[in-house]
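# Secondary and tertiary structure notes
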Amino acid sequence: SSSTARTSNANALLASDDDYVPEVLVVGALGDVGTGVVQRLLRENSRAAGQFRVRVLVPNLYTQTLERFGTAVTYSQGDLSNVDSLEYAVTDVDKIIVCPTRPHPKENNIKENGTEIHNNDSDDDDDSILRRLEERAKWAEQVDCWGMKNLVQAYQNVRHADYGTSQAAKRTLFKFSRLEDFNLFALEYDDDNDNDESKLTVGSDENDYDDNFEKYEYTEEEDYNDYNDEEQYDDYQDDTTASTGSTASTSTTQVQWIRNKFDHAVFVGRIPTESSLSSAQASISSSRLRSRENPDSGIDLSSAFAGFILRVCSDGGTYEAFLRTSAYETDGVEYVCPFTTDAKLFSGVERGGNTNKSKNKFTTVRLPFEKFQPVAADGSSVKHSEEIPPFRGQDVQQIGYRFRSLPKTTNPSSTDDNNNLQSFYLAFSYVKLYRSQPEPEFIYVSDARIPPIVSSDMVRHDMKRLLGSVSSSSGLVGSDGAVLLDDRTTATALRNTINTEEEIYYKYLGEETLKKSGLAYAVVRVKEYQEQEKDSALTEIQLAADVAANDESITAGPEVDENGSSLVVTQDQVAQVCVSALLDPGALNKSFYLRSKQSSPNDDNNLSEQFQSLPKDPVAL
């Protein structure tokens, strides 16, 4: 029965079950790569009976569609622009592989997700090529950007509806639009060069907090209002006055914990630079957090969660998240995880017809528990660190955030020349917990021209470009965002296996949606794929965490580098990596580049070892 199946599925999510067979939904199954993924899944089933149950998302249930894979798969009709149809498609699904397709150039009219694409290969003039580029960009926006948002939302909704809050991808820990959550935090200001009387702590333990996570209804609404938040802050000057909050001051410092007009909690102020006063810092911390079962202990997050997700608006500075357990009382040790934020590059100047009054920019930050390292309360290294257990989510008694001053030469833009103070601004929308998962839930096929780290000054929403991508640095985009047509651009428009600059931008937005969703993921970045090549069995798959900026194989054709490695891979290789990542813990929360290299028959193409060797994505998304 359906209820029995759902109970089995829920149990499989909570614990390992050797008898359980995960169901995999393939999005884009009718495309070239998606078809290869489905075929690879079916081949894996033939080798190890019942390893996967395969479901495919299709736009219709016509006979031609149903004959594509026969009775070996389950067909779910759905539209990436329709969340309701996607909720039906993802019901009882455990894992999803997203292989976004684009219209085939030989098809005259294609309509999907409300977008109609008109292709006419007989027209090779500049106008027709530009029209084709615009149509493909519109398609990418519908599929990679909004389609990914809708797919993630549908998956989240069904997960919560079927299995309850315990299986929601994220759980709200603090939501700062709630006054009681704002009041749980207070300022700590410590000036090492002042005497004890000038060390300020604002707040008390009167508002102790227990681990009653059920007090919040499940909602992902704030995750889908990011662009609106950005637009609001564009016209918002950094106001440090508010009716709610607290202030800590000395003769050289002013630090505030306030709520702004958007009901965000703001940690803002100025502290002396390191050059004038060593170890200057400001921090906020929560009230005492207590376990309901044992009030003397902190809350235990280890059984179901893997880390925190912060939604913040900040100035591009580096901050610290810190956690205090019983080790803080006994050994003077707290667990610290630094994280970076973004700032708008064009603050205070005309951009896209608008003037940004604020440089502050929204950032979603993922802080895995494993990134928190033991540090002495005074910031020094911990003696006998081997005796301090690693942090895995247990006994959390306080949560806080800190800003440390830097030398003036490190960050001169945030320093006040008159009194040698360094300013900072960190506004919080929420703090959430994301679930612990042993393996990826989402596999997303993206583009190799997206750099490993994308800073805020590289993202131009007005131009719909990533300025740091290799494509944009190759001279194909004008300063105003216009496409410059040359022979390479013409070839790109006519070839269906390479993404244009605007398509890369929407791929990036798709990645961002997935990474901040709280779901376990793996992002496979592919430059170009081709149909099965001769002697492909002798081709080695290589996974890399980075692609050198001077790698000409990114912008050029299928040339190979000096080691015989190429970013041009076969469709089957893409499919093999996607399917292998589904059940491999080494691929969890990683973005990597796919390459191929000619090899000998004796070479061992061990993807699991390569997955394991790749670093996890940085904490700031």
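Just so we're clear, the structure is a prediction, and the values are computed from it rather than from any experiment. (Residues numbered from 1 in each chain as written. Predicted model: local features only at pLDDT ≥ 70, side-chain atom pairs only at ≥ 80, totals over all residues. Heavy atoms only, no water.)

### Regarding the overall build of the protein chain
Counting secondary structure elements, the protein chain contains 14 helices and 34 strands. Taking all 621 residues of the protein chain together, the buried fraction comes to 55%. Put simply, of all contacts in the protein chain between residues at least 6 apart along the chain, 76% involve residues at least 24 apart. Carbon together with sulfur atoms contributes 44% to the accessible area of the protein chain, which is approximately 26,900 Å² in total. (Helix = DSSP H or I, 4+ residues; strand = E, 2+ residues; numbered from the N terminus. Buried < 20%, exposed > 50% of the residue type's maximum accessible area, 1.4 Å probe, protein only. Contact = heavy atoms within 4.5 Å. Areas by Shrake-Rupley, 256 points an atom, 1.4 Å probe, with all protein chains shown as cover.)

### Re helix α4 (residues 83-90)
Along an α-helix, residues three or four apart share an orientation, since each turn contains 3.6 residues. All of the buried residues along α4 are Val83, Ser85, Leu86, Ala89 and Val90. Within α4, the buried residues cover an arc of 155° as seen down the axis, which keeps them to one side. The exposed residues of α4 that point more than 90 degrees off its buried face are Asp84 and Tyr88. The N-capping residue of α4, defined by a side-chain oxygen 3.0 Å from the backbone nitrogen of aspartate 84, is asparagine 82. Count one or two residues on from α4 and you reach aspartate 92, which has phi positive near 70°. (Arc of directions from axis to C-beta. Polar contact = N/O pair within 3.5 Å; in protein donor to acceptor, adjacent residues only side chain to side chain.)

### Comments concerning the packing of helix α2 (residues 32-47) against helix α13 (residues 571-582)
With their axes 8 Å apart at the nearest point, α2 and α13 run at an angle of 55° to one another. With respect to each other, α2 and α13 are oriented oblique. The handedness of the crossing between α2 and α13 comes out as right-handed. Within the contact between the two elements, α2 uses Asp32, Val33, Gly36, Val37, Arg40, Leu41, Arg43 and Glu44 and α13 uses Gln571, Asp572, Val574, Ala575, Gln576, Cys578, Val579 and Leu582. (Axes fitted to C-alpha atoms, helices over the stretch in contact; angles between N-to-C directions. Parallel < 35°, antiparallel > 145°, perpendicular 65-115°, else oblique. Left-handed = near helix turned anticlockwise from the far one by under 90°.)

### Points about the nonpolar core
With 47 residues, the main nonpolar core has Trp257, Phe267, Phe308, Phe339, Leu367, Tyr401 and Phe428 as its most contacted residues. Val54, Val56, Ala522 and Leu543 belong to the second-largest nonpolar core, a separate cluster that totals 38 residues. (Core = buried A, V, L, I, M, F, W, Y, C linked by side-chain atoms within 4.5 Å.)

### Some remarks on unusual backbone geometry
One non-glycine residue, aspartate 263, lies in positive phi territory at about 65°. Relative to the elements of secondary structure, aspartate 263 occurs in the loop between β12 (254-259) and β13 (265-272). Overall, the relative accessible area of 36% leaves aspartate 263 in the partly exposed class. Although it is not a glycine, asparagine 589 adopts a positive phi angle of roughly 55°. On the secondary structure map, asparagine 589 appears in the loop between α13 and β34 (590-598). Its relative accessible area of 10% is what places asparagine 589 among the buried residues.

### As for the side chain of serine 596
Tracing the backbone through its elements, the reader meets serine 596 in strand β34. You can call serine 596 buried: its relative accessible area is 6%. Separated by 2.9 Å, the side chain of serine 596 and the backbone oxygen of valine 568 make a polar contact.

### Digging into the pairing of strand β21 (residues 361-368)
Within β21, eight of the eight residues are buried, leaving the element largely enclosed by the surrounding structure. Burial along β21 is two-sided: the residues Lys361, Thr363, Val365 and Leu367 and Phe362, Thr364, Arg366 and Pro368 are all buried. Sheet topology places strand β16 (residues 305-314) next to β21; eight bridges connect them, and they run antiparallel. Considered in β21, the bridge of cysteine 313 is made with phenylalanine 362. (Pairing = 2+ DSSP bridges.)

### A few points about the pairing of strand β14 (residues 281-286)
Along β14, six of the six residues are buried, which leaves the element largely enclosed by surrounding structure. Going residue by residue along β14, you find Gln281, Ser283 and Ser285 tucked away on one face and Ala282, Ile284 and Ser286 tucked away on the opposite face as well. As defined by bridge partners, β14 adjoins strand β23 (residues 398-404) across five bridges and the pair is classed as antiparallel. Residue pairing across strands places isoleucine 284 opposite tyrosine 401, the latter belonging to β23.

### What to know about the packing of aromatic side chains
Per the stated rule, a full pass over the model turns up 21 aromatic pairs. Aromatic side chains phenylalanine 174 and phenylalanine 185 sit 5.0 Å apart centroid to centroid with 85° between the ring planes, which places their arrangement in the edge-to-face category. Separated by eleven residues along the polypeptide, phenylalanine 174 in strand β7 (residues 170-175) and phenylalanine 185 in strand β8 (residues 185-190) bring together distant segments of the chain. For the pair phenylalanine 174 and phenylalanine 185, a shared accessibility class is recorded, and that class is buried. (Phe/Tyr/Trp six-rings, centres within 6.5 Å; stacked < 30°, edge-to-face > 60°.)

### Some details on the pattern of salt bridges
Within this structure, the stated rule accounts for 26 salt bridges. Among the salt bridges present, the one from glutamate 511 reaches lysine 515, with a minimum N-O distance of 3.6 Å. Of this pair, glutamate 511 and lysine 515 are both found in helix α11 (residues 501-515), four residues apart, which corresponds to roughly one turn of the helix. With a relative accessible area of 7%, lysine 515 lands in the buried category. A cluster of three or more residues bridged by salt bridges with shared partners is formed by Glu188, Glu320, Arg324, Glu334, Arg402 and Arg404. (Salt bridge = Lys/Arg side-chain N within 4 Å of Asp/Glu carboxyl O.)

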